[in-house]
Amino acid sequence: MATRKQTARKKSVGKKAARNNSGPALGAHESIAGGVFNAIVRGEQATCDTIQMFNKSNAQWKAKVLTTEEIDRYFEMIERTGITVACSHSSYLINLASPDKALNKKSYLALKEEVERCNLLKVPNLVFHPGAHVGAGEDEGIATIAENINRILGGVKDNGVTLCLETTAGQGSTIGHTFEQLADIIDRVDDKDHVGVCLDTCHIFAAGYPITEPNDYRKTMKSFDTVIGLDRLKVIHLNDSKKEFGSRRDRHEHIGEGMIGIGAFKNIVNDRKLRKVPMVIETPKGDDLAEDIANLRTLRSLIT
Ligand SMILES: [Zn+2]
Ligand SMILES: [Zn+2]
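Now for a description of the structure that goes with this document.

If you tally the helices and strands in the chain, you get eleven helices and twelve strands. Dimensions of the chain along its principal axes, counting C-alpha atoms only, are 50 × 50 × 40 Å. Within the chain, the fraction of its 304 residues that count as buried is 53%. Surface accessibility of the chain: about 14,000 Å² in total, with carbon and sulfur atoms responsible for 50%. Across the chain, 42 positive and 40 negative side-chain charges occur, with their mean positions spaced 5 Å apart.

When four donors bind a metal tetrahedrally, each ideal donor-metal-donor angle is 109.5 degrees, and when six bind octahedrally, the ideal angles are 90 or 180 degrees. Within the protein, the atoms that donate to the zinc ion (ligand 1) are E166 (OE), D200 (OD), H237 (ND1) and E282 (OE), at distances of 2.0 to 2.2 Å. Considering all four donor atoms around the zinc ion (ligand 1), angles at the metal cover 89 to 177° and the coordination shape is irregular. The metal-metal distance between the zinc ion (ligand 1) and the zinc ion (ligand 2) is 4.5 Å. In this pair, E166 is assigned in strand 6 (residues 162-166) and H237 in strand 9 (residues 233-238), connecting sequence segments 71 residues apart.

So, on to the nonpolar core. Core analysis: the largest hydrophobic core is formed by 77 residues, its most contacted members being M53, I149, L238, L274 and L299. If you tally residues by element for this core, the top one is helix 6 (residues 138-155), at six residues. Look past the residues within four positions of L238 in its chain and what remains in contact with it is L26, T201, I255, F265, I268, V269, M279, V280, I281, E282, T283 and L299.

Should their charged atoms come close, side chains of opposite charge can pair. Tallied over the entire structure, the rule returns six salt bridges. Measuring nitrogen to oxygen at the nearest pair gives 3.1 Å for the salt bridge that ties E30 to K285. Taken together, the positions of E30 in the loop between strand 1 (26-29) and helix 3 (37-45) and K285 in the loop between strand 12 (279-281) and helix 11 (290-301) put the pair 255 residues apart, joining distant regions of the chain. A relative accessible area of 1% means that E30 is categorised as buried. What emerges from the salt-bridge pattern is a single network uniting E30, K285 and D292.

What follows covers a negative patch on the surface. A surface patch of negative charge is lined by E69, D72, E76 and E79. On the basis of relative accessible area, E69 is assigned to the exposed category, the value being 57%.

Protein coordination at the zinc ion (ligand 2) comes from H203 (NE2), D250 (OD), D250 (OD) and H252 (NE2), with a distance range of 2.0 to 2.5 Å. Every donor counted, the four donor atoms about the zinc ion (ligand 2) form angles of 54 to 135° at the centre, which fits irregular coordination. Using a relative accessible area of 4% as the deciding quantity, one classes H203 as buried. Accessibility expressed as a relative area gives 18% for H252, which makes it buried.

In this section: unusual backbone geometry. Its identity is not glycine, yet T47 carries a phi of approximately 65°, on the positive side. Relative to the assigned elements, T47 resides in the loop between helix 3 and strand 2 (50-53). Assessed through its relative accessible area of 27%, T47 is described here as partly exposed. At K122, a residue that is not glycine, the phi angle is positive and equals roughly 55°.

Pairs of aromatic rings are described using the distance from one ring centre to the other and the angle between the two planes. Following the criterion strictly, the structure yields five aromatic pairs and no others. Their ring planes at 10° and their centres at 4.0 Å tell us that F179 and Y209 sit as a pair that is stacked. In this pair, F179 sits in helix 7 (residues 179-187) while Y209 sits in the loop between helix 8 (201-207) and helix 9 (214-227), placing the two residues 30 residues apart along the sequence. A single burial state applies to F179 and to Y209, both of which are buried. One aromatic cluster is present, formed by F179, Y209 and F224 through successive ring pairs. The cationic tip of R73 hangs over the ring face of F37; the distance from NZ or CZ to the ring centre is 3.9 Å.

The rules we used
Residues numbered from 1 in each chain as written. Chains lettered and ligands numbered in written order. Predicted model: local features only at pLDDT ≥ 70, side-chain atom pairs only at ≥ 80, totals over all residues. Heavy atoms only, no water. Helix = DSSP H or I, 4+ residues; strand = E, 2+ residues; numbered from the N terminus. Buried < 20%, exposed > 50% of the residue type's maximum accessible area, 1.4 Å probe, protein only. Areas by Shrake-Rupley, 256 points an atom, 1.4 Å probe, with all protein chains shown as cover. Lys, Arg positive; Asp, Glu negative; His and termini not counted. Charge placed at Lys NZ, Arg CZ, Asp CG, Glu CD. Donors = N, O, S within 2.8 Å, 3.2 Å for Na, K, Ca; no water. Tetrahedral: all angles 85-135°; square planar, octahedral: opposite > 155°, others 65-115°. Core = buried A, V, L, I, M, F, W, Y, C linked by side-chain atoms within 4.5 Å. Contact = heavy atoms within 4.5 Å. Salt bridge = Lys/Arg side-chain N within 4 Å of Asp/Glu carboxyl O. Patch = residues over 30% accessible without salt bridge, like charges linked within 9 Å, V, L, I, M, F, W, Y side chains within 5 Å. Phe/Tyr/Trp six-rings, centres within 6.5 Å; stacked < 30°, edge-to-face > 60°. Lys NZ or Arg CZ within 6 Å of the ring centre and 35° of its normal.

Pasting the structure below:
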């Protein structure tokens, strides 16, 4: 029984995380420059248990075909390192809420293609920003997002990927800065087994959810659980914030060096209810990944 449990844990969170059985799987967003396998190579350099990556160039609509060789090298790297891929992050160009018909269709097709690529790479979660209604109104935006999710999930065969709505800071007309908005979208999705949420600490703090003091943190998570449900939480983005509480501005800062402060991260990495939720940083960094290593060391030092 114990052996089976151990095997299951190794499979689900990777070898490194299995060695450290007292905290969640921690990692970072890593670049796929040079091929998707490179995200794993960089993840290993950066001491990640798990990573987030793009599945294509995030600034372009067009996706380069994944070659068999590229995919084989990617799975080899995963097997060799034991690093898991927590999620892929979709292109920033996509806006499922767009009132512009052409852009809306382009967005729907692009996200559908990303779901297919994630299936090919066996990535369990695809994180995306719900969208911006650009003046059409919140209700209209929410309805359009849900319609597009339904079309995507209804159109992908043998889908193993969960579409994860990311909490947003609420900049401009973006939707997803309240838990209620996300719950509203999820309510309208038919295939509820393939819809989840990615919580970003920088975004919810900027949107007005306090998480630094233990009491505030508990209240915010209680609210998440009541409104959305903790079972929907598939991925967490750990980022400190350059901007102040409630600013509705999205600017990431190194862990513990921003306006959120180290307390929030201590609350999260020690939250027993989140033990199985992979957590990745999206903090500023250079080519040598030294900042990722430092931020992950900080996070691991908080686990009690
Ligand atoms: Zn994020
Ligand atoms: Zn952000």
